[in-house]
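Residues per chain, in single letters:
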Amino acid sequence: MSSLNNDNNHAENDQLTEIAIAYYQEGATQEEISQRFGMSRAKIGRLLRRARDEGVVEITVKYHPVFSEKLEQQLIERFNLKRALIALDQPDDESQRQQVASLVSGYLAATLSDDMVVAVGQGRNIASIANHVGVVPHRNCRFVCGIGGTHRSGNAINADHICRQLAKKYDGISETLYAPAYVEDIIVKEAFMKNGTVKETLDRARRADVALVGVGDMNENSHMVKLGWFTPQEIVEARIRKGVVGDIAGYDFFDSQGKQADTMMSDRVIGLTMDELRHIPTVVVTAAENSKALALLGALRSGVVDVLATSVSNALTILNLDQQMK
């Protein structure tokens, strides 16, 4: 009896697969399939739903570029942006970062001109832009670190390394910020900020024509925690007690309304502040990961962002959250 049941189950599964292939791949109508298999249309409909429920069929929506353009226009109007660069959704974070980086690279190639100064942040999203493979015009630009370096020498997501890569890519020059990104307390930070070399570089970054920065979310497993800048407990406390949802450029922390949050973490990073970024004519903010939609909403509400680069999923979530949280 057991063998007979197994045979019946296999036959049903084979038939389910055949019906799903006919409908989803061959484009047959439910009426045509009902005639082919000698079943009612109602039963065919039930079997197609079962095929989706049991994973026989997986439906992936591929957004048409026109859809992305409409999203871009909505974001521009909603948050008073110059541009929104929206990449189609990809199956994993790394592929998503590469897609977003491709759009930002195209934007930079079209907008950068000789003698421009670009203030550069840190992180995987910004590094992906520097590492993007593609032909770009030579521009005699200066790429200046907008934040100090981490203790891991040569780390690919350090602002200094990214500046060097961008300078090489565009045939420009790079400028290092000779200070750590993170220090233990405000006294040490103030000493660095008074240093002539550090001040000169930061002043140049403050006068930049373009800033290229990322947005971080308040995650206990974030890059800042892994580097030892902050403890998981500090991240949790900032999120719960101050309502912090993210940071911009690895520096200032803000809530979901885009208001700067005063936390003990704010006095430990050497780099451009949100207020200083607001004075830069074009601030390009990029974040590809789907976990960063709320952080991006806060960044957009802060008034710092001029150009947003992210994914379709993030764009949809941002617009929905903005509507719900007004």
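How each quantity is defined
All residue numbers refer to positions counted from 1 along the written sequence of the respective chain. At least 70 in pLDDT is required for a residue's local features to be given in this predicted model, at least 80 for side-chain atom pairs to be given and counted, and no such filter applies to totals for whole chains, interfaces and linings, which use all residues. Values reported for side chains reflect all heavy atoms of the structure, with hydrogen atoms and water molecules removed beforehand. UniProt positions are given in the numbering used here, feature names are shortened, and annotations may be inferred rather than shown by experiment. Runs of E in the DSSP output that reach at least two residues are strands. Runs of H or I that reach at least four are helices, and both are numbered from the N terminus. For every residue, the accessible area (1.4 Å probe, protein chains only) is compared with the maximum for its type, and the residue is labelled buried under 20%, exposed over 50%, or partly exposed between those bounds. Residues count as neighbours in contact if any of their non-hydrogen atoms are within 4.5 Å of one another. Methods summary: accessible areas were calculated by the Shrake-Rupley approach with a probe of 1.4 Å, and residue burial reflects only the protein chains presented. The term nonpolar core refers to a set of buried residues drawn from Ala, Val, Leu, Ile, Met, Phe, Trp, Tyr and Cys, joined through side-chain atoms within 4.5 Å. Each aromatic pair joins two rings of Phe, Tyr and Trp (for Trp, the six-membered one) with centres within 6.5 Å, and gets the label stacked for planes under 30 degrees apart, edge-to-face for over 60, and tilted for any other angle. A patch consists of residues whose relative accessible area exceeds 30% and which take part in no salt bridge; residues with like charges are grouped when within 9 Å of each other, and nonpolar side chains (Val, Leu, Ile, Met, Phe, Trp, Tyr) when within 5 Å. By salt bridge we mean one thing: a side-chain nitrogen of Lys or Arg within 4 Å of a carboxyl oxygen of Asp or Glu. All tallies of charge rest on Lys and Arg as positive and Asp and Glu as negative; His and the ends of each chain are not included. The location of each charge is read from NZ of Lys, CZ of Arg, CG of Asp or CD of Glu.

An unreviewed UniProt entry annotates the protein chain as DNA-binding protein originating from Photobacterium phosphoreum. Quoted straight from UniProt, the Sequence similarities (unreviewed entry) entry for the protein chain says "Belongs to the SorC transcriptional regulatory family."

Regarding its fold elements, the protein chain presents 14 helices and nine strands. Within the span of the protein chain, comprising 326 residues, buried residues form 49% of the whole. Long-range pairs, those at least 24 residues apart, make up 69% of the contacts in the protein chain with a sequence separation of at least 6. Counting only carbon and sulfur atoms, one obtains 47% of the accessible surface of the protein chain, whose full area is about 16,200 Å².

Moving on: the nonpolar core. L75, F143 and L277 are the most contacted members of the largest nonpolar core, which has 81 residues in total. When near neighbours in sequence (up to four residues on either side) are disregarded, F143 contacts L112, V118, V120, C163, L166, A167, Y170, I173, S174 and E175. By size, the runner-up hydrophobic cluster in this structure holds twelve residues, among which are A28, L48, A51 and V57.

Our focus in this paragraph is the packing of aromatic side chains. Throughout the structure, instances matching the rule amount to one aromatic pair. With a centroid separation of 5.9 Å and 35° between ring planes, the pair formed by F143 and Y170 is classed as tilted. One end of the pair, F143, is in strand β3 (residues 142-145); the other, Y170, is in helix α7 (residues 159-170), and 27 residues separate them in sequence. By relative accessible area, which is 1% here, F143 ends up buried. Take Y170: its relative accessible area is 1%, and that puts it in the buried class.

Residues K43, R46, R49 and R52 make up a contiguous surface patch of positive charge. Turning to its location among the elements, K43 is positioned in helix α3 (residues 41-53). Relative accessible area serves as the criterion here: at 38%, K43 is assigned to the partly exposed category.

Attention now goes to unusual backbone geometry. The backbone of D115 sits at a positive phi, close to 75°, despite the residue not being glycine. Mapped onto the elements of the fold, D115 is located in the loop between α5 (93-111) and β2 (117-120). For D115, a relative accessible area of 60% corresponds to the exposed category. Positive phi is not limited to glycine here, since D171 has a value of about 60°.

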